Amino acid sequence: MGLFTSTPLPEPVGDSAPPVDEHPSRIATVLNHLRRSADARITHPRRFRIQQLRALEKMLEEHLDDFLQALNEDLGKSPTEAKFAEVDVVRAEIDFALRHLAEWMDSTGVKVPLALQPAMAKIEPRPLGVVLIIGAWNYPLQLVLAPLVAAIAAGNAAVIKPSELAPATSGALAKFLPLYLDERVFAVIEGGVDTATELLVARWDHIFYTGGERVAKIVAMAAAKHLTPTTLELGGKSPAVVDNHSPATAKRLAYAKFMNAGQTCVAPDYILCIGDATPLINRLGQAITSFYGKEPITHPDFGRIASSQHFERLLAMLEQGEVVFGGEYDEETLRIAPTIMRNVDLDGTLMSEEIFGPILPVIEVKTFEEALEFIARRPSPLAAYLMSESPRLQSIFSDRVRAGAIVHNAPLAQMVIPTLPFGGVGASGMGSYHGKHGFDRLSQMRSELNKTTVVDTLSAIYPPYSWAKRKIIDRLL
């Protein structure tokens, strides 16, 4: 039995067949090849890193239509949404890294205590070695290539393992990436559970995983056998507390929730509405109609659910409360209309599991304090949103809520700011990336000290320890 088989994974949809699992011998061969190249320091020079980043950007430019088609085939994403939410996000990461790589790679001088002077000390970013990147199916391009940008910038060799649940995108990456990136140090390995299991048996210098908590625990256990550091980008039930019921609030919440058919790890998972929720629900319905028309499940800008298993899981959640807007679905196309629910079962899967679909529960609370207590009783989410113009409430929310990110009035916007770290806390993840944060995460911040022997100032602390030396040591240290 493989490491990943404790719970069956959903099957892919679309015309593409799932990738065939790689033979263990090929995985070992690829890893050994990359390890030798990393040991030869091929990836270390700044020029090489810049060349590879530009080559990755060129791949996205020259095969844009191929990737957009693959994303449509896997998830029903419209070309516009696929471009800005997947391709453009990666290109922004590349451009930001190219602009700042020189300063990121520079060593940083630090002060040396008087006792050790004269001496020089610095912190120098060094490549880790060979990194494994395991992607997710909901953003199957962005969630492997954005970490790859960080790996390239930090001077690492890397293997990317795209999600087999997005087979068209996985196939496109396997086809095109080797044509642009240096095959001595970068590789794509496709496959399902058996491939992932075999990859985790190997020793890596860092494992970067995006996905769910259950598999993250498996990844962490496998990494622990080799003391391999990990970055775990997970999810959780990201709350949105609403104190401002304006039309803009409703539009921003609806947009953030229903993009990619709700299959976004930082989408608002549920709303805690202070006071009567009826006006907010009405405005949410109006916003949904303005985005996707009166029949969203046929609208070209609204995507589909990734698999029939996930689809059935979401349909079961529709039974756990009152549907007040939407609720339509099409089993043949795996589409569920944007749906708003109220009077929900707080103990059911709707409120105990991450929804990861186009269903938005709205829960009424009497006070802001009650909303904070509701959030505090649950695991720390990847993001927490407050829709309020009150500086006082914003300050309290930032101080009291534990989450990977705190965002006021602009859900999802934190994703596209490369100077902000993206990552969770507790059950929502470990480590962060984007911009320099990704570079730092996939680098060793190595300490370096240089002290001359021409003048041996350390003689003042050598044994034997006389009364005079003890006095000197006390003053120096």
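Residues numbered from 1 in each chain as written. Predicted model: local features only at pLDDT ≥ 70, side-chain atom pairs only at ≥ 80, totals over all residues. Heavy atoms only, no water.

1. What to know about the layout of surface pockets
- In this structure, the second largest pocket spans a volume of roughly 220 Å³.
- Of all the secondary-structure elements, those providing two or more residues to the lining of the second largest pocket are α4 (79-105) and α5 (142-153).
- Of the residues forming the lining of the second largest pocket, the biggest block, 3 residues, is contributed by α4.
- Tallied by class, the residues present in the lining of the second largest pocket amount to 14 nonpolar, 2 polar and no charged.
- Shared between two domains, the lining of the second largest pocket takes at least three residues from each, and those domains are domain 1 (24-234 + 432-445) and domain 2 (239-417). (1 Å grid on protein atoms, 1.4 Å probe; cavity = no way out; pocket = protein on both sides within 12 Å on 5 of 7 lines; lining within 4 Å. Points joined across faces, edges and corners; volume = space filled by probe spheres on them. Helix = DSSP H or I, 4+ residues; strand = E, 2+ residues; numbered from the N terminus. Nonpolar A, V, L, I, M, F, W, Y, C, P; charged D, E, K, R; others polar. Domains from an automatic or database assignment.)

2. Thoughts on the packing of aromatic side chains
- Within the structure shown, the criterion is met by 10 aromatic pairs.
- Both rings, one in F422 and one in Y433, keep their centres 6.0 Å apart while their planes meet at 75 degrees; by these two values the pair is edge-to-face. Placement of F422 in strand β17 (residues 422-423) and of Y433 in strand β19 (residues 432-433) is noted, with a sequence separation of 11 residues between them. Here F422 and Y433 have matching classes, each one buried. (Phe/Tyr/Trp six-rings, centres within 6.5 Å; stacked < 30°, edge-to-face > 60°. Buried < 20%, exposed > 50% of the residue type's maximum accessible area, 1.4 Å probe, protein only.)

3. Side note on the packing of helix α3 (residues 64-75) against helix α6 (residues 167-180)
- Their axes nearest at 7 Å, the elements α3 and α6 cross at an angle of 155 degrees. Of the possible angle classes, the one that applies to α3 and α6 is roughly antiparallel. Together, D66, F67, A70, L71, E73 and D74 of α3 and P167, A168, T169, A172, L173 and F176 of α6 make up the contact between the two elements.
- A per-class count over the contact of α3 with α6 returns 8 nonpolar, 1 polar and 3 charged. (Axes fitted to C-alpha atoms, helices over the stretch in contact; angles between N-to-C directions. Parallel < 35°, antiparallel > 145°, perpendicular 65-115°, else oblique. Contact = heavy atoms within 4.5 Å.)

4. Considering the UniProt feature "domain: Aldehyde dehydrogenase" (unreviewed entry) in the protein
- Here, the residues flagged by UniProt with the feature "domain: Aldehyde dehydrogenase" (unreviewed entry) are residues 47-446.
- Helix makes up 42% of residues 47-446 and strand 20%. Its end C-alpha atoms lie 21 Å apart. (UniProt positions renumbered as here; feature names shortened; annotations may be inferred.)

5. Considering the sheet that holds strand β20 (residues 443-450)
- Strand order in the open sheet made by the 3 strands is β1-β2-β20, with antiparallel pairing throughout. Only two strands of the sheet have a single neighbouring strand rather than two, namely β1 (108-110) and β20. Direction aside, neighbouring strands of the sheet carry axes that sit 30 degrees apart on average.
- Bridging between strand β2 (residues 120-127) and β20 involves 8 bridges; their strand directions are antiparallel. In the strand pairing of β20, P127 is matched with S443. (Pairing = 2+ DSSP bridges.)

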